[in-house]
Protein chains: 2
Amino acid sequence: MEKKLELLKKALPGRVYERPAERYLYAYDATPIPIKRELPAAVVFPESAQEVKKLVEVCYEEEIPLFPRGAGTGLTGGAVPTDGRGVVVSFERMTGLTVRPEDGLAVAEPGVITEKLQKEAERYGLFYPPDPSSYKYSTLGGNVAENAGGPRCLKYGTTRDYVLELETVIKEGELLKTGGPVIKDVAGYDLTRLLVGSEGTLGLFTRITVKLIPKPPARLTLLALFDDLASMGKAVTRLLSGGVFPSALEFMDRDAIRAVKQFKPLELPEVEALLLVELDGWPAALKQEALLAEKLLKEEGARVRRASNAKESEELWLARKSLGPALGRIKSGKINEDVVLPRSAIAEALPLFKEVGRKYGLEVVVFGHVGDGNLHVNLLYEKEDPEQERRAEEAVNEVFEIALSFNGSITGEHGVGLTKKAFLGRQLGPEGLALLKGVKRLFDPKNLFNPGKLLD
Amino acid sequence: MEKKLELLKKALPGRVYERPAERYLYAYDATPIPIKRELPAAVVFPESAQEVKKLVEVCYEEEIPLFPRGAGTGLTGGAVPTDGRGVVVSFERMTGLTVRPEDGLAVAEPGVITEKLQKEAERYGLFYPPDPSSYKYSTLGGNVAENAGGPRCLKYGTTRDYVLELETVIKEGELLKTGGPVIKDVAGYDLTRLLVGSEGTLGLFTRITVKLIPKPPARLTLLALFDDLASMGKAVTRLLSGGVFPSALEFMDRDAIRAVKQFKPLELPEVEALLLVELDGWPAALKQEALLAEKLLKEEGARVRRASNAKESEELWLARKSLGPALGRIKSGKINEDVVLPRSAIAEALPLFKEVGRKYGLEVVVFGHVGDGNLHVNLLYEKEDPEQERRAEEAVNEVFEIALSFNGSITGEHGVGLTKKAFLGRQLGPEGLALLKGVKRLFDPKNLFNPGKLLD
């Protein structure tokens, strides 16, 4: 290993760090459950595509595993090193960003923070919609690797829908260019979208070109309260087939509401289900759309409140935004899953998730992007109690089973990483899994890019 | 071959047609230039996924090439049989369609006509945006195979952005399921989008699940006239970064306007460039957005007319919609290319396309989806004159060269098929092309799905 690192340091002087401090700091991500992790042999901070190319050339020659890392905000272990012979590749020094308003796009290096891209785009009246909850810290490279979503994805799609072009270093240090700085392109199989969501297992991104769209001029938020889950489920369908297209449609269950109220003194009645409906568009349209939304929601039995200004709107969102810390107050440990269901199955599946909680003696709190059918099922437990932790990990399996029984997905946002690997084959079937492995071999025949993640 | 066909007929009684009538009828698509085509040995009309599976099992065993076909409206030879030992697979008997409004999706067999899907969705207040100009005839299976676009793709994306789940019969008759009936899904590499746009070369679709979105309640059209191309180009950027998000943004050059006027008595001044701007959304918003659009367009020197009702709107669109037949009146032959450029390059590239026309003594008429940078460059020639035809085919190469010189794409909508194969490597580079071939081998190791298309 010593000799190999010397070769790396020689190829990339000043970029390779072997001190314990860096190796410890870069061995973690935000995954809430215990996962197999190893201290990496070193952390590498490349500063250009050419340096990434050199890095991969040496690693491919010397068979050094590469663990790419954005900001480490991932929740499934995607950025965690799992082999002590490997190096973590941190992109925090690759933060170049150019907005090209005349082309309706931005060209970014992978280390650019998502919020930075959003703000730069806004300076030109443009909009980069993907909004993972980590957007203030997470990097675009990480977002692309995980195909990051967020509340706005109902109307605007996920990261995948904005990536136009990728420059990726693959096997042996090959610099692969896919897509182009154009909005439309059907020349050949879509390798760009194959790379989006590949969780660092196919190569290292060195340049990312994303589409920017016109920024909607205004927003408006409605709060709808329901006395039963079935009505909430029906209301979602009523809105979406009644001509209302929310920019976000967020759901909280009774326990989620209670958790927030314990954390912050909010005037929220403890109902069975709460919907936050955000509309965006032209001010005059918002009024029309809000009137229609209120009518449809009320017809499904909801009590509705409309924010009359930005401040009130923020107050309504406060409940949703306080959920993370609020849950942390209830129990020290939290597994936050992100299963997806066909929309119509939500009302039926919710009690089943609660039943899992009862079975394993855990508190289960559900909220999420209900318009997408993307639910965050949170299993709360005491971290200090290994028995509870074990039960929580067992219970997660049943949460996945429920999602799959409705033809849903084990993950809508967080990716497979280390924590959901065992379930991927269940969702994709042997044919799908075999093809994934075939694709992996095409890009990474030596299995050096993020080995042990997503696939075995 | 006789023996092989007997096996097919035994496996699929009543589905295999060998009469010259069918074999001739199914040997064509809408490609406007002469291409290498062969009479197929037979035409097969499967009626279910199970029959498609059986078909592929026999063909894989007996090494019979399969040429999948939707409605034959493609423009690059994608549906044309190129091997007399092969069979055309027509999906016109697989037209099952179920809209599931409560899930915001539709499940379709590949033979469903695009317009049928659009109309069924509308019955539930839902919207399927992709609108290739062949939408009245083309099938969803063909749309998915080609990743079909259309004018509305600027705001709403292409077919790719709506496909949630595919059931595809691949090598040896394996029934592959990718994606799911859910809006979001990041479990594993995105094989669904790898299959979208694969032009029938990776397998045969048997079921397609697409996302439906709320239908915008109203539309409004503006017509903007420009005295120079540069102003038109700038106006496009001004609109899109000024907060205007058109549902369509179509461009016609001076020669396109002239062609239409010769064909239909329209009150159109012969200016350098014409923009059709379609806005959609809430009626009140349309007024606000139209006012802003008019202001921005005028600031770039345009004269603007606004349709005050649906009838006037249709009249404005008449010019654009008459273009196809209008060009047919000028010359008997037309090569309609669909190159894509970064938006900012349009004004610079347009004179270069005209220059190609002058060089080869051909009339060149340009129109297209300018918001996407997707231009239809039409080379007009006399079909009866082989010398002119040859020149037109040569000139096309220069059109591609121009697109590539601006980092553009050789195709935004029509696909590669037979006619652009020679240029694919130029755009993708050897690394990209090698990966495409690797992907092809994973799905179709015997090269039996649409052989000779897209790749060699």
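Throughout, residues of each chain are indexed from 1 in the direction in which the sequence is written. The order in which chains are written sets their letters, starting at A; the order in which ligands are written sets their numbers, starting at 1. Only residues with pLDDT of 70 or above have their local features reported here, since the model is predicted, and side-chain atom pairs are shown and tallied only from 80 upward, although totals for entire chains, interfaces and linings are computed over all residues. Side-chain measures here rest on the full set of heavy atoms in the structure, leaving out hydrogens and waters.

Considering the nonpolar core
Let me state the cut-off plainly: In plain words, nonpolar cores are sets of buried Ala, Val, Leu, Ile, Met, Phe, Trp, Tyr and Cys residues tied together by side-chain atoms within 4.5 Å. Think of it in three bands: with a 1.4 Å probe and only protein chains considered, a residue is buried below 20% of the maximum accessible area for its type, exposed above 50%, and partly exposed in between. Whether two residues are in contact is decided by their heavy atoms, any of which lying within 4.5 Å being enough.
Core analysis: the largest hydrophobic core is formed by 192 residues, its most contacted members being Leu 275, Phe 353 and Phe 443 of chain A together with Leu 275, Phe 353 and Phe 443 of chain B. The residues contacting Leu 275 of chain B, other than those within four sequence positions of it, are Leu 222, Leu 223, Ala 224, Phe 226, Met 232, Val 236, Leu 249, Glu 250, Phe 251, Leu 297 and Val 370 of chain B.

A closer look at the relation of the copies chain B and chain A
The line we're drawing: C-alpha atoms of residues with pLDDT of at least 70 in both copies form the basis for the least-squares superposition of the copies.
Superposing chain B onto chain A takes a rotation of 180° combined with a translation of 0.0 Å along the rotation axis, leaving an RMSD of 0.0 Å. When the rotation and shift are considered jointly, the pair of chain copies conforms to a two-fold rotation axis. If distances are taken from each C-alpha of chain B to the rotation axis, the shortest is found for Ala 285 of chain B, at 2.3 Å.

Things to note about the interface of chain B and chain A
The criterion, for reference: Accessible area that two parts lose when put together, evaluated with a 1.4 Å probe and summed over both, is termed the buried area. Between Lys or Arg on one side and Asp or Glu on the other, a salt bridge is scored when a side-chain nitrogen of the former is within 4 Å of a carboxyl oxygen of the latter.
If you look at the interface, chain B gives 88 residues, while chain A gives 88 residues. For chain B, the biggest contributors to the area lost against chain A are Lys 184, Tyr 189 and Trp 282 of chain B; these three give 15% of the whole. Applying the counting criterion to the chain B and chain A interface returns six salt bridges. Close ionic contact of Asp 190 of chain A with Arg 160 of chain B constitutes a salt bridge, the shortest N to O distance being 3.3 Å.

A look at the packing of helix H15 (residues 421-443) of chain A against helix H15 (residues 421-443) of chain B
We apply this condition: Axes here mean lines fitted to C-alpha atoms, for a helix over just the part in contact, with angles spanning 0 to 180 degrees between N-to-C directions. Labels follow the DSSP assignment, with helices taken as runs of H or I lasting at least four residues and strands as runs of E lasting at least two, numbered in each case from the N terminus. Reported orientations rely on four angle classes, namely roughly parallel under 35 degrees, roughly antiparallel over 145, roughly perpendicular from 65 to 115, and oblique for the rest. Here a crossing is called left-handed whenever its near helix is offset anticlockwise from the far helix by less than a right angle, and right-handed whenever the offset is clockwise. Under the scheme applied here, ten amino acids are nonpolar (Ala, Val, Leu, Ile, Met, Phe, Trp, Tyr, Cys and Pro), four are charged (Asp, Glu, Lys and Arg), and all others, including Gly, are polar.
Between H15 of chain A and H15 of chain B, the least distance of the axes is 10 Å, while the angle of their chain directions is 155°. Judged by the inter-axis angle, H15 of chain A sits roughly antiparallel to H15 of chain B. The two elements H15 of chain A and H15 of chain B cross, and the hand of that crossing is right-handed. In this structure, H15 of chain A uses Leu 435, Gly 438, Val 439, Leu 442 and Phe 443 of chain A to contact H15 of chain B, whose residues at the interface are Leu 435, Gly 438, Val 439, Leu 442 and Phe 443 of chain B. Here the contact of H15 of chain A with H15 of chain B is composed, by residue class, of eight nonpolar, two polar and no charged.

Section: the sheet that holds strand E5 (residues 97-100) of chain A
Residue and element names in this part refer to chain A. Test applied: Strands were regarded as paired on the criterion that DSSP finds at least two bridges between them.
Reading across from one edge, E5-E6-E10-E8-E9 is the order of the five strands in this open sheet, with antiparallel pairing throughout. Sheet topology places E5 and strand E9 (174-179) at the edges, where each strand pairs with a single neighbour. Along the sheet, successive strands turn relative to each other by an average axial angle of 10°, direction set aside. Sheet topology note: the strand E8 (residues 163-170)/E9 ladder contains six bridges and is antiparallel. Residue pairing across strands places Ile 170 opposite Glu 174, the latter belonging to E9. Each of E5, strand E6 (105-108) and strand E10 (204-211) is contacted by helix H4 (residues 114-123), which is oriented at about 35° to E5, the strand it contacts most.

Looking at unusual backbone geometry
Of note in the backbone geometry, Asn 147 of chain A takes a positive phi value of approximately 50° without being a glycine. Examined against the element boundaries, Asn 147 of chain A turns out to sit in the loop between helix H5 (140-146) and helix H6 (153-156).

Details of the pattern of salt bridges
One pass over the full model with this rule turns up 90 salt bridges over all chains. A salt bridge links Asp 131 of chain A to Arg 152 of chain A, with the shortest nitrogen-to-oxygen separation between them at 3.7 Å. You can see Asp 131 of chain A sitting in the loop between strand E7 (126-127) and H5 and its partner Arg 152 of chain A sitting in the loop between H5 and H6, a full 21 residues away along the chain. No difference in accessibility class separates Asp 131 of chain A from Arg 152 of chain A, as the two residues are buried. The closest approach of N and O atoms between Glu 47 of chain B and Arg 93 of chain B, which form a salt bridge, is 3.1 Å. Of this pair, Glu 47 of chain B sits in the loop between strand E2 (42-44) and helix H3 (49-62) while Arg 93 of chain B sits in the loop between strand E4 (87-90) and strand E5 (97-100); the two residues are 46 residues apart in sequence, bridging distant segments of the chain. By relative accessible area, which is 34% here, Glu 47 of chain B ends up partly exposed. The structure contains a network of salt bridges with shared partners spanning Asp 253, Asp 255, Arg 258, Glu 270 and Lys 354 of chain A.

Side note on helix H11 (residues 310-321) of chain B
Residue and element names in this part refer to chain B. Just so we agree on the cut-off: Expected helix span is taken as 1.5 Å per residue step, with the number of steps being one fewer than the number of residues. Throughout, the arc means that of the directions going from the helix axis to the C-beta atoms. Any N or O atom pair separated by 3.5 Å or less is treated as a polar contact, with the protein-specific requirement of one donor-capable and one acceptor-capable atom, and with residues adjacent in sequence counted only for side-chain atom pairs.
For H11, which comprises twelve residues, the first-to-last C-alpha distance of 15 Å matches the rise-based estimate of 16 Å (1.5 Å per residue) to within 8%. Residues of H11 that are buried: Ser 313, Leu 316, Trp 317, Ala 319 and Arg 320. Looking down the long axis of H11, one finds its buried residues gathered within 140° of arc, a one-sided arrangement. In H11, those exposed residues whose orientation departs by more than 90 degrees from the buried face are Lys 311, Glu 314 and Lys 321. Among the residues of H11, the N-terminal cap falls to Asn 309, whose side-chain oxygen and the backbone nitrogen of Lys 311 are separated by 3.1 Å.

Focus: empty space enclosed by the protein
Note the following rule: Of the grid points, spaced at 1 Å and generated over the protein atoms alone, those admitting a 1.4 Å probe that cannot get out make up cavities, while open sets with protein on both sides within 12 Å along at least five of seven lines make up pockets; any residue with an atom within 4 Å of a point is treated as lining. Grid points are joined across faces, edges and corners, and a volume is the space filled by probe spheres set on the points.
Tallying each qualifying case throughout the model produces seven cavities of 30 Å³ or more. Its volume calculated, the largest cavity comes out at about 880 Å³. Lining the largest cavity are 43 residues; nearest its centre among them are Lys 155 and Tyr 156 of chain A together with Lys 155, Tyr 156 and Phe 245 of chain B. Elements represented by at least two residues in the lining of the largest cavity include exactly H6, strand E11 (213-214), strand E14 (273-281) and helix H10 (283-299) of chain A together with helix H6 (153-156), strand E11 (213-214), strand E14 (273-281) and helix H10 (283-299) of chain B. The residue makeup of the lining of the largest cavity, split by class, is 23 nonpolar, seven polar and 13 charged. Space inside the second largest cavity adds up to approximately 390 Å³. Along the wall of the second largest cavity there are 34 residues; nearest its centre are Arg 160 of chain A together with Asp 185, Val 186, Asp 190 and Arg 193 of chain B. Elements represented by at least two residues in the lining of the second largest cavity include exactly H15 of chain A together with strand E9 (174-179) and helix H7 (191-195) of chain B.

Here we look at the pairing of strand E18 (residues 374-381) of chain B
All names here are of chain B. Within E18, eight of the eight residues are buried, which leaves the element mostly enclosed by the surrounding structure. Side-chain alternation along E18 places Asn 374, His 376, Asn 378 and Leu 380 on one buried face and Leu 375, Val 377, Leu 379 and Tyr 381 on a second face that is also buried. Pairing geometry for strand E16 (residues 333-340) and E18, over eight bridges, is antiparallel. Looking at E18, one finds that Glu 337 is bridged to Val 377. Sheet analysis places strand E17 (residues 363-369) next to E18, joined by seven bridges and oriented antiparallel. Looking across to E18, one finds that Gly 368 is bridged to Leu 375. Hairpin connection from E17 to E18: four residues lie between these consecutive antiparallel strands, with Gly 373 at a positive phi of about 70°.

Describing helix H8 (residues 229-241) of chain A
It helps to recall that an α-helix has 3.6 residues per turn; residues three or four apart then point in one direction. All names here are of chain A. Given a rise of 1.5 Å per residue, 13 residues ought to cover 18 Å, and the 19 Å separating the end C-alpha atoms of H8 matches this to within 8%. Counted residue by residue, H8 has ten buried out of 13 residues, so it is predominantly covered. Regarding H8, the residues found buried are Leu 229, Ser 231, Met 232, Gly 233, Ala 235, Val 236, Thr 237, Leu 239, Leu 240 and Ser 241.

Remarks on the sheet that holds E14 of chain A
All names here are of chain A. Taken together, seven strands build an open sheet; the order of strands is E15-E12-E14-E13-E17-E18-E16 and the sheet is antiparallel. Where the open sheet ends on each side, the last strands, each with one partner, are strand E15 (303-306) and strand E16 (333-340). With direction set aside, neighbouring strand axes in the sheet form an average angle of 20°. Against the sheet, helix H14 (residues 386-405) touches E16 and strand E18 (374-381), its axis set at about 10° to E16.

A few points about the packing of H11 of chain B against helix H12 (residues 323-330) of chain B
All names here are of chain B. Interhelical geometry of H11 versus H12 gives an angle of 40° and a closest axis separation of 6 Å. Here H11 lies oblique to H12, going by the angle between them. Here H11 contributes Ala 319, Arg 320 and Lys 321 to the contact with H12, which in turn contributes Leu 323, Gly 324 and Pro 325. Its residues assigned to classes, the contact of H11 with H12 comprises three nonpolar, one polar and two charged.

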